[in-house]
Amino acid sequence: MKILHITPNIGTGGVQSLVYEFGKYQVRHGHQADVLSLRNEDSLYFKEKDYSDAGIRVIRGKYPKTYDPRNILVIRKYLCAYDIVHVHLFPNQLYAKIAQMLTARKKRPVLITTEHNTYNNRRKYSVLRLLDRWFYKSYDKIVCISRQTKENIDKWLCSESLSEKTVTITNGVDLEKFSSAPDRLSEAIQLEPEAKYIVMVARMAHPKDPITLIKAIALCESSVHGVFIGSGPLECAMAAEAESLGISSRIHMLGNRTNVEELIKGCDIGVLSTLWDGFGLVAVEYMAAGLPVLATDVAGLCEVVGEKELLFNYKDAEGLASKISGLLSDPGHMESKKQYSASRCRDFSIDRMNSEYLELYKRLTATNKKIY
């Protein structure tokens, strides 16, 4: 099959990691996998060589803004060359729908999308339900990354015909990559004797909430440090918060990194603080690296973490600090949660996820009437 993934960029983030894993697996199994990365900004292409090395062709868009409507014509240019077009995130989902409308019916590929979140800002406004219904109707399948993601989108769209199109394929991680990674944290920061390092990997932007973790670290013992991997518009606010709390020396902002697994491996606890998250891929990465995980108690993410005692309320810095301190002060408790992580992450393997997607692709292309 000829497969095209459409994504805003190939920088950092859970979706970007998944697109890379999709492509790598599909190439390994004899298919052509290309990625159309619509946002043409050089800083977002630092991982481009990884894609090339895996046999994935990256096609750069023309415009610097994700929401530029001219991206519709960029998408349309490539649609007819593929059997499967797999679209990730809004507004790509909308633009791909319009691009398909501008393509001859007999040349249209199978069009699927993955719903990566349990919530988005469009759902604040009921009138936008009509927009979502309109563009989702063009998709052959809507894949949801968790049970809660499917329940939420079915409730939002409130359409029996669209509900029949939604299926659930839970996300997966290359567990071996994280479990066998060497510890190279000392190459990124100067480690302090007896210090404990709490890591958060994310794009530092809404809906992620790194500020709460910074506040929690300020409430912990002075030996507790925070390691933040990823970049985004919240970085200035994070630095200002750390300075105002007098803990700048304990907050390490590493920006975008290509060796995330090696940095996680040197940390003690993994945290994901967020307003919402359809799945929380990084939580599984923490688990695979052998870290206990603390995460915000939100739909989707809580399904992945599993145990209620590992969850904290949104913006509850005191509650998060208490859980961090509880793990660090009790070696037996810490060890039990590490063992839990090692067991829990096995439910989310990358091979299981990819095989389910590939089977879906095959079923859909078998019934497509596209004529070249």
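Residues numbered from 1 in each chain as written. Predicted model: local features only at pLDDT ≥ 70, side-chain atom pairs only at ≥ 80, totals over all residues. Heavy atoms only, no water.

Student: Explain the sheet that holds strand 3 (residues 57–63) residue by residue, including any values.
Tutor: Reading across from one edge, 3-2-1-4-5-6-7 is the order of the 7 strands in this open sheet, with parallel pairing throughout. The open sheet is flanked by strand 3 and strand 7 (166–168), the only strands paired with a single partner. For this sheet the average axis-to-axis angle between neighbouring strands, irrespective of direction, equals 25°. With 5 bridges joining them, strand 2 (residues 32–39) and strand 3 adopt parallel strand pairing. When the sheet's bridge partners are listed, Ser37 is paired in strand 3 with Arg60. Here helix 16 (residues 350–367) sits on the sheet and contacts strand 1 (2–7), strand 4 (84–88), strand 5 (110–115), strand 6 (141–144) and strand 7; the angle it forms with strand 5, its principal contact strand, is near 150°. (Pairing = 2+ DSSP bridges. Helix = DSSP H or I, 4+ residues; strand = E, 2+ residues; numbered from the N terminus. Axes fitted to C-alpha atoms, helices over the stretch in contact; angles between N-to-C directions. Contact = heavy atoms within 4.5 Å.)

Student: Residue-level account of unusual backbone geometry, with values.
Tutor: When glycine is set aside, most residues are seen to have a negative phi, and most peptide bonds are trans. With an omega of 10°, the peptide bond between Phe90 and Pro91 qualifies as cis. Of note, Pro91 is situated in the loop between strand 4 and helix 4 (92–101). Looking along the chain, the bond that leaves His206 and enters Pro207 is cis, with omega of 15°. Looking at the secondary structure, you find Pro207 in the loop between strand 8 (196–201) and helix 9 (210–219). Positive phi outside glycine occurs at Glu194, with the angle close to 70°. Take Glu194: its relative accessible area is 70%, and that puts it in the exposed class. Of note in the backbone geometry, Lys315 takes a positive phi value of approximately 65° without being a glycine. Examined against the element boundaries, Lys315 turns out to sit in the loop between strand 13 (311–312) and helix 14 (317–328). A residue is classified by how much of its surface remains accessible, and Lys315, at 51% relative accessible area, is exposed. (Buried < 20%, exposed > 50% of the residue type's maximum accessible area, 1.4 Å probe, protein only.)

Student: Would you mind going over the environment of Val224 in detail, with residue names and values included?
Tutor: Following the sequence through the fold, Val224 ends up in strand 9 (residues 224–229). What makes Val224 buried here is its relative accessible area of 3%. Considering only alpha carbons, one finds Val224 and Ile324, 100 residues apart in sequence, at a separation of 9.1 Å. Contacts of Val224, omitting those with residues within four sequence positions, involve Lys196, Ile198, Ile217, Arg250, Ile324 and Leu328.

Student: Got a sec to walk through a nonpolar patch on the surface? Specific residues and values, please.
Tutor: Side chains of Leu73, Met101, Leu102 and Trp134 sit close together on the surface and give an oily, nonpolar patch of about 400 Å² of accessible area. Relative to the assigned elements, Trp134 resides in helix 5 (residues 128–136). Note on Trp134: relative accessible area 36%, which makes it partly exposed. (Patch = residues over 30% accessible without salt bridge, like charges linked within 9 Å, V, L, I, M, F, W, Y side chains within 5 Å. Areas by Shrake-Rupley, 256 points an atom, 1.4 Å probe, with all protein chains shown as cover. Salt bridge = Lys/Arg side-chain N within 4 Å of Asp/Glu carboxyl O.)

Student: How would you sum up the sheet that holds strand 13? Please name residues and give values.
Tutor: If you walk across this open sheet you meet the 6 strands as 10-9-8-11-12-13, and the pairing is parallel. In this open sheet, the two edge strands, each paired with only one partner strand, are strand 10 (251–255) and strand 13. When strand 8 meets strand 9, the two strands line up parallel, connected through 6 bridges. Looking across to strand 9, one finds that Val199 is bridged to Val227.

Student: I'd love a proper account of the environment of Gly14, names of residues and values included.
Tutor: Structurally, Gly14 is set in helix 1 (residues 14–28). With a relative accessible area of 38%, Gly14 lands in the partly exposed category. Distance in space between the C-alpha atoms of Gly14 and Val224 is 26 Å, their sequence separation being 210 residues.

Student: Let's hear about the state of the cysteines: which residues, and what values?
Tutor: With the rule as written, the count across this model stands at 0 disulfides. Cys220 carries a free sulfur, and the closest cysteine sulfur to it, the one in Cys267, is 14 Å from it. (Disulfide = S-S within 2.5 Å.)

Student: Explain the packing of helix 5 against helix 6 (residues 147–157) residue by residue, including any values.
Tutor: Helix packing for two helices is described by the angle between their axes and how far apart those axes are. Close contact between helix 5 and helix 6 brings their axes to 9 Å; oriented N to C, the two are set at 110°. Overall, the two elements helix 5 and helix 6 adopt an arrangement that is roughly perpendicular. Facing Leu128, Arg129, Asp132, Arg133 and Tyr136 of helix 5, the residues of helix 6 in contact are Ile153, Trp156 and Leu157. Each residue belonging to the contact of helix 5 with helix 6 can be placed in one class, and the counts come to 5 nonpolar, no polar and 3 charged. (Parallel < 35°, antiparallel > 145°, perpendicular 65-115°, else oblique. Nonpolar A, V, L, I, M, F, W, Y, C, P; charged D, E, K, R; others polar.)

Student: So what's going on with the packing of aromatic side chains? Residues and values would help.
Tutor: Describing an aromatic ring pair means giving the distance of the ring centres and the angle of the ring planes. Per the counting criterion, the structure on display carries 9 aromatic pairs. Joined through ring pairs, the aromatic side chains of Tyr67, Phe90, Phe135, Tyr136 and Tyr139 make up one cluster. The positively charged end of Arg122 is found above the aromatic ring belonging to Phe90, 4.0 Å away from the centroid. Over the ring of Trp156 we find Arg129, and its NZ or CZ is 4.5 Å from the ring centre. (Phe/Tyr/Trp six-rings, centres within 6.5 Å; stacked < 30°, edge-to-face > 60°. Lys NZ or Arg CZ within 6 Å of the ring centre and 35° of its normal.)

Student: Go over the nonpolar core with me, naming the residues and quoting the values.
Tutor: The biggest cluster of nonpolar side chains holds 81 residues, and the ones touching the most others in it are Leu213, Val227, Tyr286, Leu294 and Ile324. Among residues more than four places away in sequence, those in contact with Val227 are Leu185, Ile189, Tyr197, Ile198, Val199, Met200, His252, Leu254 and Cys267. (Core = buried A, V, L, I, M, F, W, Y, C linked by side-chain atoms within 4.5 Å.)

Student: Describe the pairing of strand 9, listing the residues and the values that go with them.
Tutor: By the criterion of burial, strand 9 is predominantly enclosed, with 6 of the 6 residues buried. Residues of strand 9 alternate between two faces, with Val224, Gly226 and Phe228 on one and His225, Val227 and Ile229 on the opposite face, all of them buried. As judged from the 4 bridges shared by strand 9 and strand 10, these two strands associate in the parallel manner. Counted as the bridge partner of Val227 is His252 from strand 10. Crossover strand 9 to strand 10 through helix 10 (residues 235–244) is right-handed. (Right-handed = clockwise from strand over helix to strand, strands pointing away.)

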